[in-house]
Protein chains: 2
Amino acid sequence: MENREVFVYIVISIFRSLQFLFWRFRPRYNDVTSALTRPLTSAASYDFKFMSYMVNKAKSVNKALEEAVPLREPELKIREAMRYTLLSDGKRVRPMLCLAACELVGGQESTAMSAACAIEMLHASSLILDDLPCMDNDSLRRGKPTNHIVFGESIAILASQALIALAVQKTTSSTFADVPPERILKTVQEMVKAVEGLVAGQQADLAGEGMRFDSDTGLEHLEFIHIHKTAALLEAAAVMGAIMGGGSDEEIERLRSYARCIGLMFQVVDDVLDVTKSSEELGKTAGKDLIAGKLTYPRLMGVEKSKEYAERLNIEAREHLLGFDIDKVAPLVSLADYIVNRQN
Amino acid sequence: MENREVFVYIVISIFRSLQFLFWRFRPRYNDVTSALTRPLTSAASYDFKFMSYMVNKAKSVNKALEEAVPLREPELKIREAMRYTLLSDGKRVRPMLCLAACELVGGQESTAMSAACAIEMLHASSLILDDLPCMDNDSLRRGKPTNHIVFGESIAILASQALIALAVQKTTSSTFADVPPERILKTVQEMVKAVEGLVAGQQADLAGEGMRFDSDTGLEHLEFIHIHKTAALLEAAAVMGAIMGGGSDEEIERLRSYARCIGLMFQVVDDVLDVTKSSEELGKTAGKDLIAGKLTYPRLMGVEKSKEYAERLNIEAREHLLGFDIDKVAPLVSLADYIVNRQN
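Since the model is a prediction, treat every value here as computed from it, not as a measurement.

Trainee: Requested: an account of the overall build of chain A, with residues and values cited.
Mentor: The helix and strand tally for chain A stands at 15 helices and two strands. Intrachain contacts of chain A at a sequence separation of at least 6 include 74% that bridge at least 24 residues. When the accessible surface of chain A is split by element, carbon and sulfur atoms take 56% of a total near 15,500 Å².

Spelled out as structure tokens, the structure:
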């Protein structure tokens, strides 16, 4: 047994040394070529470059979103409600993923912008529903009153519905000369699959409240919810971007697997932060899941094992990116690192 | 003034005589060729043929709807809720209109079946929302408990959302060899326009409650609601069928105008029935609008003028059908007659 541990240690050391050498003597020094080879939990310098990448993408997305939902009569009230949730602060992780996937397979940012906006609309639509009194009954989100608190339940529900319609409309009307209609149809199909996923995930979430699980059935239930509620949208984002960008079936499926990993990872990290950080650090009430008796990863497998699980998902996510052009893969590798390392 | 009335009377008499002669000496005796030329408020023999046409269409549609929403895990509860409203009794007027429009422009029934089902899904989705406690707060629809009464509010809202997703999915996956993807995209765009219309109409309806209108602003408000809530879906049904069937732009626009007329007419007749029929005759509570102080056509223009308005809309609807193949137009002419003459 001890011999085996020594052997594993040596193998890891050799691997780390090779990894370092590979990193040290990589062809050019920029944050792109090193993306797949640099160690996990990346250095601050990369993060900085990735952060500015993300900020730039968020800027373009915010501009497009702002233009996509002009305030107009006669449904002014609905429009206000749509904009309230859609344009509220957010990192725009999903649209960024959509645009990065499109660019990774050779498309332009503009080619996938409608799809990226559509994904953010579906996200906003699901947030509005989640917060309703008959669902999670939340009156605050990111420190602001939730949609139905500001606009009333009926307008909130209609705005949520209208956001889905607008998402479909946005995507179908993205008729660029270089995107054949077959591709747009395929993109819309992925999008509605995500909506169906969101609905199924939310139902499972509601059904699970107050139920008792052992660690196996609990984990199964939890993964089901997260694969549908969190991962479904991230998956749709990556896949829609890849389809619009003209990716091959193989590329699309690789990005789907990558996105599913980071989707799950996102949730594992979220659950860990809830029990390890203070409310101040999080910017929202810490320990909320614990108090609500909610099924979480730390509760089912402990904090340490949850962290390990997140790291494993990050490695797996990265593996799905192998085979892509190493010059273009940096944003997606950094995104995964960013998700696993985030502190709030 | 009296001379003018005499003149109008003579013109109408000549018109009626010509209409009768045209009808009497039409080329062949069947219910199809006479469709456009026979007098309004058609004879029972036509109605019988139309009724069997409608029953046949409803049968095909019900079969397709049944297959479109199989009960399946994991979202079993949502599926049950979707089926509860979608498969409940109904005349399937909207799908029938969609199929008839498709056939009118030269398509097959099967070409528009997915679109026809999609339209019925949107209709069901809007009924679920309309009945919610925060909207019209209805606990009964067609004598059955409403969706949220049976399944709870959260499941009802999710089912409504899922029906929209399924409608889009149905339409985009109707990839027949003979329907180019451009046409399917156009069909989806019409569909989401209808959803946006429904949302705007429902908002206006809610906003109007308790407001005071004079007869002009009231009529404007009322028409806005009905054009969006009732006519939007009928319009989408006809237009989607026409697009799927390969109709020309001119044919599509003519069918749009026709459908808008019968959509408005449908609502005018509904309002008239509410004040002129007993609850037993209607199969629902009569005088409900009156008690609720709701804005209706009889309230704004009186019962007689409302009936005249419905007749005028029927004539206008029929005019939009002129120019189509007279052999194929019968179902749509009869549908308009059926709507204006219905007794419940």
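Trainee: Any chance you could break down the relation of the copies chain B and chain A for me, citing the residues and the numbers?
Mentor: When chain B is fitted to chain A, the residual RMSD is 0.4 Å, and the transformation amounts to a turn of 179° plus an axial shift of 0.0 Å. These values place the two chain copies in the arrangement generated by a two-fold rotation axis. When each C-alpha of chain B is compared by its distance to the rotation axis, Pro181(B) comes out closest, at 2.9 Å. A symmetric contact is evident, with 100% of the interface residues of chain B recurring at the interface of chain A.

Trainee: Give a description of the nonpolar core that names residues and reports values.
Mentor: Leu255(A), Tyr258(A), Leu255(B) and Tyr258(B) are the most contacted members of the largest nonpolar core, which has 200 residues in total. Beyond its immediate stretch of four places on either side in the chain, Tyr258(B) contacts Leu97(B), Ala317(B), His320(B), Leu321(B), Leu332(B), Val333(B), Leu335(B) and Ala336(B).

Trainee: Which residues make up the interface of chain B and chain A, and what are the values?
Mentor: Taken together, the contact pairs 40 residues of chain B with 40 residues of chain A. In this assembly, chain B packs against chain A so that about 3,500 Å² is buried in total across both faces, 75% of it on carbon and sulfur atoms. Per-residue buried area on chain B facing chain A is highest for Gln161(B), Leu185(B) and Gln203(B); these three make up 19% of the total on that side. For the interface between chain B and chain A, the tally reads zero salt bridges. Of all elements in the fold, only α3 (76-86), α5 (109-131), α7 (153-172) and α8 (181-208) of chain B reach the threshold of two or more residues within the side of chain B that touches chain A.

Trainee: Help me get a handle on the side chain of Arg79(A), residues and values and all.
Mentor: For Arg79(A), the location among the structural elements is in helix α3 (residues 76-86). Leave out the neighbours within four places in its chain, and Arg79(A) touches Ala68(A), Val69(A), Pro70(A), Leu71(A) and Arg72(A).

Trainee: Mind laying out the confidence of the model for chain A, listing which residues take part and the relevant values?
Mentor: Detailed reading of the predicted coordinates is not advisable wherever pLDDT falls low. Residue and element names in this part refer to chain A. In this model, chain A carries an average pLDDT of 86, and 86% of its residues clear a pLDDT of 70 or more. Across residues 41-45 the pLDDT falls below 50, and counting only partners more than four positions away or on other chains, this stretch makes six contacts in the model. Predicted complex metrics record ipTM = 0.84 and pTM = 0.85.

Trainee: Which residues make up α5(B), and what values go with them?
Mentor: With 23 residues, α5(B) ought to run about 33 Å at 1.5 Å a step, and its terminal C-alpha atoms sit 32 Å apart, in line with that. In the structure, α5(B) departs most strongly from a straight axis at Ala115(B), where the bend amounts to approximately 25°.

Trainee: Could you give me a rundown of the UniProt feature "binding site: Mg(2+) 1" in chain A, with the residues and numbers involved?
Mentor: All names here are of chain A. The sites that carry the UniProt feature "binding site: Mg(2+) 1" are, in the present numbering, Asp-130 and Asp-136. If you take the residues mentioned a moment ago, the ones lining the largest cavity come down to Asp-130. Tracing the backbone shows Asp-130 in helix α5 (residues 109-131). According to the relative accessible area criterion, Asp-130 is buried, its value standing at 12%. With near-sequence residues (within four places) excluded, Asp-130 lies in contact with Met-135, Asp-136, Asn-137, Arg-141, Gln-202 and Lys-229. Tracing the backbone through its elements, the reader meets Asp-136 in the loop between α5 and β1 (140-141).

Trainee: Got a sec to walk through the packing of helix α4 (residues 93-104) of chain B against helix α15 (residues 330-341) of chain B? Specific residues and values, please.
Mentor: Residue and element names in this part refer to chain B. Interaxial distance between α4 and α15 falls to 9 Å at its minimum, and their mutual angle equals 150°. Viewed along their axes, α4 and α15 adopt a mutual orientation that is roughly antiparallel. As for how α4 packs across α15, the hand of that crossing is left-handed. Where α4 abuts α15, its residues Val-93, Met-96, Leu-97, Ala-100 and Leu-104 lie against Pro-331, Leu-332 and Leu-335. Its residues assigned to classes, the contact of α4 with α15 comprises eight nonpolar, no polar and no charged.

Trainee: I'd like to hear about empty space enclosed by the protein, residue by residue, with values.
Mentor: All chains considered together, the criterion is met by four cavities of 30 Å³ or more. If you add up the space inside the largest cavity, you get close to 120 Å³. Surrounding the largest cavity, 13 residues form its lining, Ser126(A), Leu129(A), Leu198(A), Val199(A) and Gln161(B) being those nearest its centre. In the lining of the largest cavity, the residues fall into seven nonpolar, four polar and two charged.

Trainee: Residues and numbers for the environment of Asp136(B), please.
Mentor: Residues and elements named next belong to chain B. Assessed through its relative accessible area of 29%, Asp-136 is described here as partly exposed. With 193 residues separating them in the primary sequence, Asp-136 and Val-329 have C-alpha atoms 37 Å apart. Asp-136 has contacts with Asp-130, Gln-202, Leu-206 and Glu-209, leaving out every residue within four places of it along the chain.

Trainee: Can you break down the packing of helix α10 (residues 249-276) of chain B against α15(B) residue by residue, with the values?
Mentor: Residue and element names in this part refer to chain B. Remark: α10 packs on α15, axes separated minimally by 9 Å, with the N-to-C direction vectors making an angle of 20°. As the angle between them shows, α10 and α15 are arranged roughly parallel. In this structure, α10 crosses over α15, and the sense of that crossing is left-handed. Residues Leu-255, Tyr-258, Ile-262, Met-265, Phe-266 and Val-269 of α10 lie in contact with α15, whose contacting residues are Leu-332, Val-333, Leu-335, Ala-336, Ile-339 and Val-340.

Trainee: How would you sum up the packing of aromatic side chains? Please name residues and give values.
Mentor: Residue and element names in this part refer to chain A. Evaluated as defined, the whole model comprises eight aromatic pairs over all chains. Consider the rings of Phe-50 and Tyr-53, whose centres lie 6.3 Å apart with planes at 20°: the pair is stacked. Placement of both Phe-50 and Tyr-53 in helix α2 (residues 44-68) is noted, with a separation of three residues, approximately one turn of the helix. Exposure remark for Phe-50: the relative accessible area of 3% places this residue in the buried category. Following the ring pairs from residue to residue traces out a cluster consisting of Phe-50, Tyr-53 and Tyr-338. The ring centre of Phe-324 lies 4.8 Å from the NZ or CZ of Arg-254, which sits over that ring. Here the basic side chain of Arg-342 rests over the ring of Phe-266, its NZ or CZ set 4.2 Å away from the ring centre.

Rules used in this analysis
- Per chain, the residues get numbers from 1 upward, laid out in the order the sequence is written.
- Chains carry letters and ligands carry numbers; both start at the beginning, A for chains and 1 for ligands, and go up in the order they are written.
- pLDDT decides what is reported in this predicted model: residues at 70 or higher carry local features, side-chain atom pairs at 80 or more are listed and counted, and totals for whole chains, interfaces and linings draw on all residues regardless.
- Side-chain numbers come from the whole structure's heavy atoms, not from hydrogens or water.
- What counts as a helix is a DSSP run of H or I of at least four residues, what counts as a strand is a run of E of at least two, and both are numbered from the N terminus.
- It only takes one pair of heavy atoms within 4.5 Å for two residues to be counted as in contact.
- Note on areas: these come from Shrake-Rupley sampling with a 1.4 Å probe, and a residue is covered only by the protein chains present in the view.
- Copies overlap after least-squares fitting; the atoms used are the C-alpha atoms of residues with pLDDT of at least 70 in both.
- In these notes, a set of buried Ala, Val, Leu, Ile, Met, Phe, Trp, Tyr and Cys residues joined through side-chain atoms within 4.5 Å is what counts as a nonpolar core.
- To sort residues, take the accessible area from a 1.4 Å probe on protein chains only and compare it with the maximum for the residue type: under 20% means buried, over 50% means exposed, and anything in between is partly exposed.
- Summed over both partners, the accessible surface that disappears when two parts come together, traced with a 1.4 Å probe, is what is meant by buried area.
- Just to be clear on terms, a salt bridge is a Lys or Arg side-chain nitrogen sitting within 4 Å of an Asp or Glu carboxyl oxygen.
- Values of pLDDT, ranging from 0 to 100, describe the predictor's confidence in every residue of the model.
- To estimate the expected span of a helix, subtract one from its residue number and multiply by 1.5 Å.
- Two axes are fitted around each residue, one to the seven residues ending there and one to the seven starting there, and the angle between them is reported as the bend at that residue.
- UniProt positions are given in the numbering used here, feature names are shortened, and annotations may be inferred rather than shown by experiment.
- Grid points spaced at 1 Å over the protein atoms alone were grouped into cavities, where a 1.4 Å probe fits but cannot get out, and pockets, open sets with protein on both sides within 12 Å along at least five of seven lines, with lining residues defined by an atom within 4 Å of a point.
- An axis is simply a line fitted to the C-alpha atoms; with a helix, the fit covers only the stretch in contact. Between two such axes, the angle follows the N-to-C directions and lies from 0 to 180 degrees.
- Angle categories: roughly parallel below 35 degrees, roughly antiparallel above 145, roughly perpendicular from 65 to 115, and oblique for all the rest.
- Left-handed describes a crossing in which the near helix is turned anticlockwise from the far one by less than a right angle; the clockwise case is right-handed.
- We call Asp, Glu, Lys and Arg charged. Ala, Val, Leu, Ile, Met, Phe, Trp, Tyr, Cys and Pro are nonpolar, and the rest, Gly among them, are polar.
- Grid points are joined across faces, edges and corners, and a volume is the space filled by probe spheres set on the points.
- The aromatic pairing rule takes the rings of Phe, Tyr and Trp, using the six-membered ring of Trp, and pairs them if the centres are within 6.5 Å, calling planes under 30 degrees apart stacked, those over 60 edge-to-face and the rest tilted.
- Two conditions define a charge located above a ring, namely a distance within 6 Å from the ring centre to NZ of Lys or CZ of Arg, and an angle within 35 degrees of the ring normal.

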